[in-house]
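Observations on the three-dimensional arrangement
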Amino acid sequence: MKKVFVVVERRADYSRYKPILEKMVKDPFFEIYLVVTGICLLEEHGSDINYIEEDGFVISARVPMFNEKRPDTGAEMVRSMARVLTGLTDELEKSKPDLVLSGFDIGGNFAVTIAAAHMNIPVLHIQGGEVTGSIDESIRHAMSKFSHIHLPATEDAKDRLIRMGEDPANIFVVGCPSIDVLVSTPVIPKEELEKEFDLDFSKPFVIMIQHPVTTEAATSLDQIKETINAIKELGIQCIVLLPNNDAGFSNIINEIKNSGLKWYPSLPTNKFINLYRNAWALVGNSSSGIHETPTYKIPAVNIGNRQMGRERAENVIDVPNNKEAIKKGIERAIYDEEFRSFVKTIVNPYGEGNSADQIIEVMKNVSLDGIIQKRFYE
């Protein structure tokens, strides 16, 4: 048996961990030590911990990361990371796991990766080697250097990890596990969703998710205004999910709440996925637009620099933070029948929905002997 330590901070990492956790729960080879932190504990962001518990997972510990009333600054992001680093170190010391499964470019996972490496606990990192905008870029690559086994989504990401000095023998391409959730979530009848959310799927309907870009936090208000005004001027149906709490988030949330658009702090996974299945496009700057929209064969209107340089399928329409450009992007996504037909033919570079099986296989069989001492591979 292996005890695996997992940290969930926000809906973005939970959506990727969920299919892996589901398989570990059913396998006596694993014991899970699940820690919930970050905005999953905050009511203003939807209290996603409730959805985690509703999904049947046993939460081993709750580690507060963010104060309820906190300044919206980069400095507060650092203080929050220091806070969670201390709490997670205590939990690692208490639980004595065999390995840590960390991932992505999120503060809580960054903290546990640093702590585990210092405590000589092997770290398996999901989705290293990808490039993005904002501070996420630095966090992701730093996590890779603290990790021992790498589980990137694509060959391109693997190549980048090797160029960063990681040993190819410890790199396993597994795809993006959030796609597993897309393909396995049961279908909710359209009529039920239309009634619950007051939508008509026969008419243009988009989902909007726009997060702050930490390196552009001072302009987050201007950026979200451009997006909101574009959607409102087009007069299309839209559901907005509130952003994460990176620096610049409060302006975005306040503007959304006062926009007149239909918004939710978060949604249960099954309802979000089924809305996704019926959306005409995804709008904003979420990694979901890059990783997941190709699976459902819908366009993504990707705004600004947050996903800059990330590997993507040809369904992604890149536009700047400008109302007219965003409108043109959305119009192409929902009204250009030739483009929409082309999108139906694309292949998702991030996998087909079998990532969790591959990750489980690696965790069961990978040798952890002699990997704690990292060396630059040449």
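These numbers come from a predicted model, not from an experiment.

Below, the discussion takes up the sheet that holds strand S9 (residues 262-264). Taken in spatial order, the six strands line up as S9-S8-S7-S10-S11-S12 in an open sheet, and their pairing is parallel. Unpaired on one side and paired on the other, S9 and strand S12 (316-319) mark the two borders of the sheet. Put simply, the sheet's adjacent strands are angled 20° from each other on average, direction ignored. As paired strands, strand S8 (residues 237-241) and S9 are joined by three bridges and run parallel to one another.

Below, the discussion takes up unusual backbone geometry. The backbone of Asn120 shows a phi angle near 60°, a positive value even though the residue is not glycine. Structurally, Asn120 can be placed in the loop between helix H4 (107-118) and strand S5 (123-126). We classify Asn120 as exposed; its relative accessible area is 52%. A positive phi angle is found at Lys297, which is not glycine, with a value near 55°.

Going through the model one piece at a time under the given rule, you end up with 21 salt bridges. For the salt bridge of Arg83 with Glu76, the shortest nitrogen-to-oxygen distance reads 3.7 Å. By relative accessible area, which is 28% here, Arg83 ends up partly exposed. Glu76 gets classed as buried once you look at its relative accessible area, which sits at 5%. It is possible to trace a salt-bridge network through shared partners that takes in Glu233, Lys323, Glu324 and Lys327.

Looking now at the side chain of His150. Considering the arrangement of structural elements, one finds His150 in strand S6 (residues 149-151). Sequence-distant contacts of His150, defined by excluding residues within four places in its chain, comprise His125, Ser144, Leu161, Glu166, Asn170, Ile171 and Phe172.

Moving on: the packing of H4 against helix H5 (residues 136-146). Look at H4 against H5: their axes get within 9 Å of each other, and the N-to-C directions meet at 20°. Between H4 and H5, the angle falls in the class roughly parallel. With respect to the hand of their crossing, H4 and H5 are arranged in left-handed fashion. Taken together, the residues of H5 that come into contact with H4 (itself represented by Asn109, Phe110, Thr113, Ile114, Ala117 and His118) are Ile139, Ala142, Met143 and Phe146. Split by residue class, the contact of H4 with H5 holds seven nonpolar, three polar and no charged.

A separate point is the state of the cysteines. A full pass over the atoms with the stated rule returns zero disulfides. Cys176 forms no disulfide, and the closest cysteine sulfur to it belongs to Cys40, at a distance of 17 Å.

With that settled, consider the sheet that holds strand S1 (residues 2-8). With respect to topology, six strands assemble into an open sheet ordered S3-S2-S1-S4-S5-S6, the strand pairing being parallel. Looking at strand neighbours, the two that pair on one side only are strand S3 (61-63) and S6, the edges of this open sheet. Averaged over all neighbouring strand pairs, the angle between strand axes comes to 25°, with direction disregarded. Note that S1 and strand S2 (residues 30-37) share seven bridges and pair parallel. Bridge assignment links Phe5 to a residue of S2, and that residue is Tyr33. Where helix H3 (residues 74-95) meets the sheet, it contacts S1, S2, S3 and strand S4 (99-103), and its direction lies at approximately 165° from that of S1. In the packing of H4 onto the sheet, the strands contacted are S1, S4 and S5, and the crossing angle to S4 comes to about 150°.

Of the volumes computed, that of the largest pocket is approximately 170 Å³. What lines the largest pocket is simply His148, His150, Gly165, Glu166, Asp167, Asn170, Gly370, Ile371, Gln373, Lys374 and Arg375.

With twelve residues, H4 should reach 16 Å at 1.5 Å per residue; the first-to-last C-alpha distance of 17 Å fits that figure. Burial analysis of H4 places eleven of its twelve residues in the buried class, which makes it a mostly covered element. For H4, the complete set of buried residues consists of Gly107, Gly108, Asn109, Phe110, Ala111, Val112, Thr113, Ile114, Ala115, Ala116 and Ala117. Immediately downstream of H4, the backbone of Asn120 shows phi near 60°, a positive value.

All right, on to the nonpolar core then. Core analysis: the largest hydrophobic core is formed by 53 residues, its most contacted members being Phe205, Ile207, Leu275 and Ile330. Leave out the neighbours within four places in its chain, and Leu275 touches Leu193, Phe197, Leu199, Phe201, Phe205, Ile207, Ile239 and Leu267. Residues Leu21, Ile49, Ile106 and Leu151 belong to the second largest nonpolar core, which totals 32 residues.

Right, let's get into empty space enclosed by the protein. It is the rolling of a water-molecule-sized probe over the atoms that shows where space remains empty. A complete count under the given rule lists five cavities of 30 Å³ or more for this structure. One number sums up the size of the largest cavity: a volume of about 650 Å³. Taken together, 42 residues line the largest cavity, and the ones lying closest to its centre are Arg11, Ala12, Ser15, Arg16 and Ser286. Contributing elements (two or more residues each) for the lining of the largest cavity: helix H1 (11-25), H5, helix H7 (178-184), helix H11 (269-278) and helix H12 (287-291).

Inspection of the secondary structure assignment puts Leu42 in the loop between S2 and helix H2 (49-54). As a C-alpha pair, Leu42 and Asn67 span 25 residues in sequence and 8.9 Å in three-dimensional space.

Calculation criteria
Residues numbered from 1 in each chain as written. Predicted model: local features only at pLDDT ≥ 70, side-chain atom pairs only at ≥ 80, totals over all residues. Heavy atoms only, no water. Pairing = 2+ DSSP bridges. Helix = DSSP H or I, 4+ residues; strand = E, 2+ residues; numbered from the N terminus. Axes fitted to C-alpha atoms, helices over the stretch in contact; angles between N-to-C directions. Buried < 20%, exposed > 50% of the residue type's maximum accessible area, 1.4 Å probe, protein only. Salt bridge = Lys/Arg side-chain N within 4 Å of Asp/Glu carboxyl O. Contact = heavy atoms within 4.5 Å. Parallel < 35°, antiparallel > 145°, perpendicular 65-115°, else oblique. Left-handed = near helix turned anticlockwise from the far one by under 90°. Nonpolar A, V, L, I, M, F, W, Y, C, P; charged D, E, K, R; others polar. Disulfide = S-S within 2.5 Å. 1 Å grid on protein atoms, 1.4 Å probe; cavity = no way out; pocket = protein on both sides within 12 Å on 5 of 7 lines; lining within 4 Å. Points joined across faces, edges and corners; volume = space filled by probe spheres on them. Expected span 1.5 Å × (residues − 1). Core = buried A, V, L, I, M, F, W, Y, C linked by side-chain atoms within 4.5 Å.

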